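# Breakdown of the fold
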Amino acid sequence: MEAYKRVALARKKTRPTGQDFINNIFTDFIELHGDRYFGDDPAVITGIGYLLDMPVTIIAQERGKNTKSRIKRNFGSSHPEGYRKALRQMHLAEKFNRPIVCFIDTSGAFCGIGAEERGQGHAIAQNLMEMMSLKVPVISIIIGEGGSGGALALGVADEVWMLENAIYSVISPEGCASILWKDPSKTKEAANCLKLTAQDLLELEVIDEIISENHRDFKNVYRELKLNLYKRFRKSQILSPEILTQTRYNRFRKFGALDITK
Amino acid sequence: MISKGLFKKPKNELEDHHWVKRQSDPAIPSELCRSCPSCKQLSFTSDLDNNFHICPKCGYHFRINGRQRLNMIIDPGSFTEHHQNLISTNRLEFPGYEEKLEQATLFSHENEGVITGIGKIGGYDVALFVMEVTFMMGSMGQVVGEKITLLFEYATEHHLPVIGFTVSGGARMQEGLLALMQMAKTSGGVKRHSDAGLLYIAVLTDPTTGGVTASFAMEADITLAEPEALIAFAGPRVIEQTIRQRLPKGFQRAEFLLEKGFVDGIVPRNLQKDTLIRLLSLHSIPKGGDDHGSL
Ligand SMILES: [Zn+2]
């Protein structure tokens, strides 16, 4: 399938959102709000729930399902408060020794006056740094659109999984076409060049696993995620925090370390 | 040979560029005078050279390249460059990227968008990085990310403070997700250096944006900025397109970030070295002997 078709599928309005994944994978979910500095960002849902018998911290970007909720959720584009709220929950997870699951689905961190004056760059940077040394297991799953730094801010994990029709990109294909070629009609070409599909990213080792989407039936996806997450967290429970953080560091350290020296 | 106007300015959405050419290049005829982009007054190039490339009339900081900045900060003869031969390859086979890299190398006389190494500032041993605006707008690809991470790892191992000058248009889109991953990688390097109890001072210069702002530029213990430097996650044009309104004057400039609490201080170029020396002293950084870090 050509890359731009995946882009369209990843952005499809009927595609399940973060809240659907929470509802279908976890039980007894309790949402916890706010960043304790400025406000509560509805573009990110955070809380705790059970993964089978295991309490876990859940962080999910939420695009919204209809016009009204999309506006409320700012179409899944976080302000700095969304990242700070996520980080607060991650630190609580660390304190109470709970694994963390992040669901990524955003076209990017919001570009606006409030976002900038409250430190969008700073908020993302702090998450990257802090996630690197979290002493509990972290799995991030790209369920729809993984838009650049706004996605990576929840993506510094032990393993990064991706749904078959999700995308993950340094810039939107539209942005790439207009900045690089000054030609918005080259969006499809840009989508190909950016290597943003799950298959491309598995080959580049940016992601560790592709979750297949059979027959547009997300029941299978939820079931597979539930089992895989449980198995993965059980496995990492025996690892010391030192090994956990060292492995996470190495996972990101490897990008560009080997193939650039001539 | 390079002649004026042969190379177009790097295509980037950010603002106008006011390049200061390297005086050392004989192929570029030295201009006698330069006009200040801010107050439009003419200044003798030699006066600007002797004044940290600051407009004597209005204080405007002309953009300078990495080597010029290095020479202003580091004790003469004390700098040892690291990994200067790392060059980028086009792993994603992105159309036109090799040509862009070739142009950037010719234009900047550098192999990549950052210079790293060790040296002395006022006698203090430091690990230093200086980003290079003339190499594809200092955009961060794998080599930039690797050199910065290697520097933080070296500094952690040798217990050195890191001083870093940032200038960047953000992640380099021709390297796709591998460029984005550099944000996480460099942040990991900064975190380990920080956890080892070591000092990192960042000096943000015009412009520092995108993926660099959202990673190591905003992770320092002490964050300084040059007057009027644009410091942003999303550039002003992107924001204007998103919200469809004009931005207030001074938005995302260093003074604005100071007011909002995101930088510790604004330090003009002529005071930067002195300020760094005082900060290093206040952190009880040991002064090194002559055997370390000299050429
Ligand atoms: Zn002036």
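What comes next concerns the included structure. Quick caveat: nothing in here was measured; it's all calculated off a predicted structure. (Residues numbered from 1 in each chain as written. Chains lettered and ligands numbered in written order. Predicted model: local features only at pLDDT ≥ 70, side-chain atom pairs only at ≥ 80, totals over all residues. Heavy atoms only, no water.)

The next thing to look at is the overall build of chain A. Of regular secondary structure, chain A possesses 12 helices and eight strands. Relative to the compact-globule value of 18 Å for 262 residues, chain A shows a C-alpha radius of gyration of 18 Å, a close match. Counting only C-alpha atoms, chain A reaches 50 × 50 × 40 Å along its principal axes. A total of 262 residues make up chain A; the buried ones form 60% of that total. Partitioning the intrachain contacts of chain A with sequence separation of at least 6 by distance along the chain shows that 72% fall at a separation of at least 24. About 10600 Å² of surface is accessible on chain A, with carbon and sulfur atoms providing 54% of the total. Each charge class in chain A can be summarised by its mean position, and for the 37 positive and 32 negative side chains these summaries are 3 Å apart. (Helix = DSSP H or I, 4+ residues; strand = E, 2+ residues; numbered from the N terminus. Rg over C-alpha atoms; globule rule 2.2 N^0.38 Å. Buried < 20%, exposed > 50% of the residue type's maximum accessible area, 1.4 Å probe, protein only. Contact = heavy atoms within 4.5 Å. Areas by Shrake-Rupley, 256 points an atom, 1.4 Å probe, with all protein chains shown as cover. Lys, Arg positive; Asp, Glu negative; His and termini not counted. Charge placed at Lys NZ, Arg CZ, Asp CG, Glu CD.)

All names here are of chain A. Of all eight residues in strand 2 (residues 44–51), six are buried, a share of seventy percent or more. Direction of pairing for strand 1 (residues 27–31) relative to strand 2: antiparallel, over a ladder of three bridges. Paired with isoleucine 30 across the two strands is isoleucine 48, which belongs to strand 2. With eight bridges joining them, strand 2 and strand 3 (residues 54–61) adopt antiparallel strand pairing. Bridging from a neighbouring strand, glycine 49 pairs with valine 56 of strand 3. (Pairing = 2+ DSSP bridges.)

Right, let's get into the interface of chain B and chain A. Contact residues are listed per partner, giving 55 residues for chain B and 51 residues for chain A. Buried area between chain B and chain A, both sides added, is near 4700 Å², and the carbon and sulfur share of it is 71%. Of all residues in chain B, Met173, Leu177 and Phe233 of chain B give up the largest surface area on contact with chain A, accounting jointly for 14% of the area buried on that side. Across the pair glutamate 117 of chain A and lysine 260 of chain B runs a salt bridge, and its minimum N-O distance is 3.6 Å. At the surface where chain B touches chain A, the tally comes to 11 residue pairs in polar contact (both at pLDDT 80 or more). For the side of chain B that touches chain A, the elements supplying multiple residues, two or more each, are helix 4 (142–157), helix 5 (176–195), helix 7 (236–243) and helix 8 (254–260) of chain B. (Buried area = accessible area lost by both parts, 1.4 Å probe. Salt bridge = Lys/Arg side-chain N within 4 Å of Asp/Glu carboxyl O. Polar contact = N/O pair within 3.5 Å; in protein donor to acceptor, adjacent residues only side chain to side chain.)

Enumeration over the complete set of coordinates arrives at 13 aromatic pairs over all chains. Centroid distance tryptophan 181 of chain A to phenylalanine 94 of chain B: 6.0 Å. Interplanar angle 20°. Geometry classified as stacked. On the criterion of chain membership, the pair formed by tryptophan 181 of chain A in the loop between helix 8 (173–180) and helix 9 (187–193) and phenylalanine 94 of chain B in the loop between strand 3 (80–82) and helix 3 (97–108) is interchain, its members lying in two chains. Here the aromatic residues Phe21, Phe26, Phe103, Phe218 and Tyr222 of chain A are joined through ring pairs into a cluster of three or more. (Phe/Tyr/Trp six-rings, centres within 6.5 Å; stacked < 30°, edge-to-face > 60°.)

On to the coordination of the zinc ion. Residue and element names in this part refer to chain B. Here the zinc ion is held by Cys36 (SG), Cys39 (SG), Cys55 (SG) and Cys58 (SG), and the distances to it run 2.3 to 2.4 Å. In this structure, the zinc ion is surrounded by four donor atoms whose angles at the metal cover 108 to 113°, and the resulting shape is tetrahedral. Within one chain, the residues donating to the zinc ion are spaced in sequence as C-x2-C-x15-C-x2-C. With cysteine 39 in the loop between strand 1 (33–35) and strand 2 (42–44) and cysteine 55 in the loop between helix 1 (45–49) and helix 2 (66–73), this pair connects stretches of sequence that are 16 residues apart. The exposure class of cysteine 39 is partly exposed, given its relative accessible area of 25%. (Donors = N, O, S within 2.8 Å, 3.2 Å for Na, K, Ca; no water. Tetrahedral: all angles 85-135°; square planar, octahedral: opposite > 155°, others 65-115°.)

Turning next to a nonpolar patch on the surface. Together, Ile238, Leu239 and Ile243 of chain A make up a nonpolar patch on the protein surface, roughly 310 Å² of accessible area in all. One can find isoleucine 243 of chain A in helix 12 (residues 241–253). (Patch = residues over 30% accessible without salt bridge, like charges linked within 9 Å, V, L, I, M, F, W, Y side chains within 5 Å.)

Our next topic: unusual backbone geometry. In this model, aspartate 206 of chain B is joined to proline 207 of chain B through a cis peptide bond whose omega is -10°. Along the chain, the position of proline 207 of chain B falls in strand 7 (residues 200–208). You will see that lysine 195 of chain A, though not glycine, has its phi angle at about 55°, which is positive. Assignment of secondary structure puts lysine 195 of chain A in the loop between helix 9 and helix 10 (198–203). Even without being glycine, glutamate 228 of chain B reaches a positive phi, approximately 65°. Considering the arrangement of structural elements, one finds glutamate 228 of chain B in the loop between strand 8 (222–225) and helix 7.

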